[in-house]
Amino acid sequence: MSFAAYKMMHCPTGVEYCACGFITHGAVDSTPRILAVTADEMYSDFPSSVKSSAPIPNLIIAAANVLEVYNVRIVEETSSSPDTKPAQEAKKGGVLAEALGASLELVCHYRLHGNVESLGVLPGGSSEREKRRDSIILTFRDAKISVLEFDDSLHGLRTSSMHCFEGPDWLHLTRGKSFFSRGPFVRVDQLGRCAAVLVYNLQMAVLKAAEASSVLSGEDSDLNSRLADAARIESSFFINLWDLGMKHVKDFIFLEGYIEPVVGILHEQELTWAGCVSSKHHTCMISCLSISTTLKQHPLIWSATNLPHDVYKLLAVPSPIGGVLVIGANTIHYQSQSGSCILALNNFAIPFDGSQEMHRSGFTTELDVANATWLTIDVVMFSTKNGELLLLNLIFDGRNVQRLELSKSRASVLTSDITTIGNSLFFLGSRLGDSLLVQYSYGGSVLFPGDKEEVGDIESEAPLSKRMRTSSYDTLQDLVPGEELSFYGGGTSSAQSAQKTFKFAVRDSMLNIGPLKDFSYGLRASADTTATGLAKQSNYELVCCSGHGKNGALTVLQRSIRPETITQVDLPGCKGIWTVFHKSSRSELSKSVADEDEYHAYLIISLQNRTMVLQTANNLEEVTETVEYYVQGSTIAAGNLFGRRRVIQVFAHGARILDGAYMCQELIFNPELPSGSEIPLVSSVSIADPYVLVRMTDGSIRLLVGDPLSCSVSISNSPLFGSSDMLVSACTLYHDIEPEPWFRKTRSDAWLSSGFGETIDGSDGMTHDGDVYCIICLENGNLEIYDVPNFNNVFSMKKFISGRSHILDSSVNIMKSHSEDTGHEKTESPQDIKVVEVLMLRWKQKYSRPFVFALLSDGSMLCYHAYVYEVPENSLKPESVTSEKITSSSSSRLRNLRFLRVRLDIYGRETTASSMPSQRITAFNNVGGLQGLFISGSVPVWVMMFRERLRIHHQVCDGPIVAFTVLHNINCSHGFIYITLEGSLKICQLPSFLVYDNHWPVQKINLKATPHQVSYFAEKNLYPLIVSNSVLKPLNQVLSSLVDQDASHPFDHDNLPSEGTYPIEEFEVRIMEQERASGAWHSIASIPMQTSENALTVRVVTLSNATTQGNDTLLAIGTAYVQGEDVAARGRLLLYSVDKIADNTQAKVSEIFSKELKGAISAVASLQGHLLIASGPKIVLHKWTGSELNAIAFLDAPPLHAVSLNTVRQYILLGDIHRSIYFVNWKEQSSQLNLMAKDFSSLNCLATEFLIDGSTLGLVVSDDQKNIQIFYYAPKTSESWKGQKLLSRAEFHVGSQVTKFLRLQLLPTSVDKSAPGSDKSGRFGLLFGTVDGSVGCIAPVEELTFRRLQSLQKKLVDAIHHVAGLNPRSFRQFRLDGMPHRPGPDGIVDFELVSHYEMLTLEQQLELAQQVGTTRTQILSNLNDLNLSTCFL
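This report concerns the structure included in the present document.

The rules behind each value
Along every chain, residues carry numbers that run from 1 in the direction the sequence is written. Owing to the predicted nature of the model, reporting of local features is limited to residues with pLDDT of at least 70; listing and counting of side-chain atom pairs is limited to 80 or more, with chain, interface and lining totals taken over all residues. Neither water nor hydrogens contribute to the side-chain values; these are computed over all heavy atoms in the structure. Each nonpolar core is a collection of buried residues, namely Ala, Val, Leu, Ile, Met, Phe, Trp, Tyr and Cys, held together in the definition by side-chain atoms within 4.5 Å. Exposed residues in this analysis have more than 50% of their type's maximum accessible area, buried residues have under 20%, and partly exposed residues fall in between, with area computed by a 1.4 Å probe over protein chains only. Only runs of H or I of at least four residues qualify as helices and only runs of E of at least two qualify as strands under DSSP, and these elements are numbered from the N terminus. One bridge is not enough; two strands pair if DSSP finds at least two bridges between them. Lines fitted to C-alpha atoms define the axes, with helix axes restricted to the stretch in contact, and inter-axis angles between N-to-C directions lie between 0 and 180 degrees.

## Quick look at the nonpolar core
Ranked by internal contacts, the top residues of the largest apolar core, which has 44 residues, are Leu-542, Leu-557, Leu-1327, Leu-1352, Leu-1356, Tyr-1397 and Leu-1433. The leading source of residues in this core is helix H10 (residues 1343-1359), at five residues.

## Details of unusual backbone geometry
Residue Asp-142 is bonded to the preceding Arg-141 through a cis peptide linkage, with omega at -5 degrees. As for its placement among the helices and strands, Asp-142 is situated in the loop between strand E9 (135-140) and strand E10 (144-151). That bond from Ser-319 to Pro-320 is cis: its omega, 5 degrees, falls within 30 degrees of zero. Tracing the backbone shows Pro-320 in the loop between strand E20 (311-316) and strand E21 (324-328). The phi dihedral of Asn-1021 is positive, around 55 degrees, even though this residue is not glycine. Mapped onto the fold, Asn-1021 is located in the loop between strand E67 (1010-1014) and strand E68 (1023-1034). Look at Asn-1021 and you get partly exposed, because its relative accessible area is 26%.

## A few points about the sheet that holds strand E17 (residues 262-268)
Strand order in the open sheet formed by four strands is E16-E17-E18-E19, with antiparallel pairing between adjacent strands. Taken across any chain shown, the strands that pair with only one partner, and hence form the sheet edges, are strand E16 (248-255) and strand E19 (300-307). Neighbour-to-neighbour, the strand axes of this sheet turn through a mean angle of 15 degrees, independent of strand direction. Sheet topology note: the strand E18 (residues 284-290)/E19 ladder contains five bridges and is antiparallel. What sits directly across from Ile-286, in E19, is Ala-304.

## What about the pairing of strand E52 (residues 783-787)?
Counted residue by residue, E52 has five buried out of five residues, so it is predominantly covered. The alternating pattern of E52 places Leu-783, Ile-785 and Asp-787 and Glu-784 and Tyr-786 on opposite faces, both of which are buried. Looking at chain direction, strand E51 (residues 771-778) and E52 are connected through five bridges and run antiparallel. The residue of E52 that forms the bridge with Ile-775 is Ile-785. In this antiparallel pair of consecutive strands, E51 and E52, the connection spans four residues, and Gly-781 shows a positive phi of 95 degrees. One ladder, built from four bridges, connects E52 with strand E53 (residues 793-797); its direction is antiparallel.

Without other data, these values stay purely geometric and don't point to any function.
In structure tokens:
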């Protein structure tokens, strides 16, 4: 019996829910603000409704089980902008008139142990007295509710309350039901008094919010308590809607303008259906309950009946208008206590009776599955199922709404949720396309000639990053061009109307690769055919069908980066490589251009025992003989000093300062030591202009202090370090300068010394911009930060190598005791682990915060992100407790500085010997417009920074890399150079067509159509792809096509309605190819389908030609005619040959076989040279003669509709849409297809595949309930009913619907194939894609490894903190809603949970390993092996 591991490799990207709220800051905190439009420009009747300035709330998004919180950052217009706007244009005053744009910045990211069913934000209170933050309410199946708030001290979310209404105590709430069509969904009162959650479709749980005074702590200062306080839930009670006669609740909402919370419930009194609509059509009603949270009563205050059966959503109209909008597919209703009005959207809207007037919109539309948000108090924006943005204007007089006016706006992305952020932005969350952050502005009645140009240029004006230019390919065209929307809206009591203009511009976008309907695994255009082992994986890419309709796209995923090589030379024995700038005279003008566009002057290459110097300005030319660099030995480091006027070159026993090619100064580090003693040599170097920090091999450090006036350098020896207890294992300098010194915010005296550090006490007496700090990691595992050049200790942290989740200064007293500090004497000893390299850096964005990266000697890597937390005075340690080294000047300590550990998914651990002098981490500020760092080693890694989030991209195409540096010159614009272990020097650039702000590098090719299935034609490197487009056809033409032409019943053409159109999906098969040079994709051939014919499957099959005795590789297409339920199902099987024409962008596609069959051809596969077809209720095997297909075997298994066919040797796995899976064997001697076994349970199968583990064959199936099961065939066991029944080996809840499995051979985890467990030649993993945009894999593991990791998994359930209080064991239990199911074996280990082991502290890791009965090294080795064996692509 084999075992497996589940691993998520790419997080979900399809946004299902979004909301906004003041999570990380209060509505009155000092936050980025934007000037709002003045009151007289908006509505003169309600001047108090618009504030003069407004802080921007956070954006919260949920995608399947991922929760993220973002800050919205405003890009403000600078005064140095070359184009000054006309005075009247600025006066026109869109809300963001002062801003050039906005972008999203990640605050926190969590992968939850449960799928978010709905998301709400509980406001902290509306009055100025209640200055609390908002809280996040999440609901999970079946009736779990978690309330989260932001904790400043942790810089993350913490759970403030949990409410679970499941289990035996709450069984009465279900009223005997076990299946519920939807999970619990939450709605929140706008004033934050309470929230309500509909659970089990019948019960409403009311969560009462606590009063602001009851949660404040009186002992803390007012400032601290206000910052930490957020809205919380005090108690809860139930309203039984069944007892109130509300049996079929569709939606509910809290209404505005009432003293007590009032909830409006939309429910259906009596159900209707399509065949009954003509007589029973107005079946819905609204009931409004006034909820008293103290008395727990809910009297009915008003109701509205006779609403159409197709209404589904409620929208609360903001105060002071009040009331509720009821949204239906064909009508929009406004209802309030004082009146109502209706707007008909199309001809299907019928009034209940003739008594009420029904206005009709000026155009026809449908609003089913629309999403909506309020832009102003009387304008609501809808996003329809077609991606159109519609604006609904409420024409009102006081609190009386007179009529509704609907107008068309722009086209946009197909949305799943929508929210307004502040008063000038909205966010379109999408599961089917890229999510967008859009800025809107609304002007006065005067239109200026410059408006169109202004709006059209918004995208080019906004200084956004490269991700903006490369993603949201279709939506930018739809939204950004400057067509304005004008409509008349009234807010006055007279009949006058003021014309307002809405304008939209996309400001940021979030890439989405979902839903992944199908994918194929093929060679990249830039593949290297000579690659072997791990490097071979970067030859492949995953080509996916994603999106829908106008957002349909071909998404190309490449997990590892393959750079574009410009030139390559062999250079064996290389140890390091650096590029430096040089300019003899630097004026202020050249300084502004220097950082981005200045070319590098020299390339310094360190070899085994010599150094090469090359000029880089134009071409690379060696100038080693003509320059005064130290070339007799190897170089340790090189860089620029004094604003790039000088170059410093550090070698083993000294350094040289050079002005271009000429030496100005030479320094020897240890001239006074006698020749007989062992001389310490330079081990590592860090440069922060004008300082150079040098670590010696004996653990001491030297600081070189530069004088910018004379451009000379002096050596300053620090006596602190070098003693036995202060040996330095790694150190670095950090220059805290751009765009403002960040560390100054964290000083204990930050409030009184805003200008501290502008002058640094050096012997030169000169001033620097910013501050320089020295980060020291000691041999004993401690981390300390000193200011430079005085070496005052400003921050210290003991046991840094433990890898705690949070790091803070040792002068701050933590009340809670850390259990990991004690009781580990008996465990594995960790004292040999130390930091071998450390780097602190901060990239040049306005709001960016420093990162710390540390490489440990055991191969692991720690990453921390700095943040500020103002420590209350009472939590400081008394001075007597602090050590003598710390007591220097307590006021200047970085007491408010804290670090949060960041998870890095880096595979490939390599132990580092302390004697290795090479530095592996290289930071870059501009490689192809991107910033981040590169980690060289056996598995090189790019770490790129987007939105304060690190993206990890591996580069395995060249094997181990020993050195890396950036290069910018005339032939290589913002590129890089690296040297491989084999001694090959490569000058490269990053591929520009890829988007790197994603879990994997991705390229999206817009199809403007819905892709359904893709296959890979390996011989020609082509991708056949099924796409469909929605086309409007005349109604009579559509109806006539739904008639069975063979039927004997005559058809009366005269009775057909001749007016109107109807959308029909037209299918075609496109053949796509990627250009090698540009990376662009284009269609080289197209195969259109017939009218009403849907292409269901396309596969490349290899058939044995019985005539020629050779093999033919053909394109097989299976289709079905969709003509309604009155026409017998039939389909066609098509075979095509594809030939690429040389020197032509087109391909020759020839139909060589076509046959019409009974039933839909839903799946095809090749089996030992024969063609296997799933045709309606049977599967048929055909033999290919070269021109004909002859049936040689069939099986009536009876499936309803086959969704997948998989073959291995003579075995067939058939997946049925309702009847689970069938295991079939083909016997060639007797030409028979035999049903060997099947799963007797009822299962809605989505995808199937074989899982091969050596000689063991597993059958994997995914279903619509988001589960995965592994079956096996065991005819000798009694449970299998003599082999008729497939037995369950493992079952697992993924949390996403898996649409496709792909079988790939596992990779060897070691170069040495003889190492135990390293040879994976007989083992295959399954890569799978889901509708949420996630990619994962199921991989077989050995039993010993499985038992070890499963034991660890059980321990981790209790050992780690789970966000929102969710239980991973509960999440992973097999679910089959409403169906009886006998629990199967637990044969899959959850790598999502087990991988948290690496984020525990070192002490916790050792303790858990001891409890499991193994070692930390063994567990980390197992995790690393699983990572390496599944690093496909």
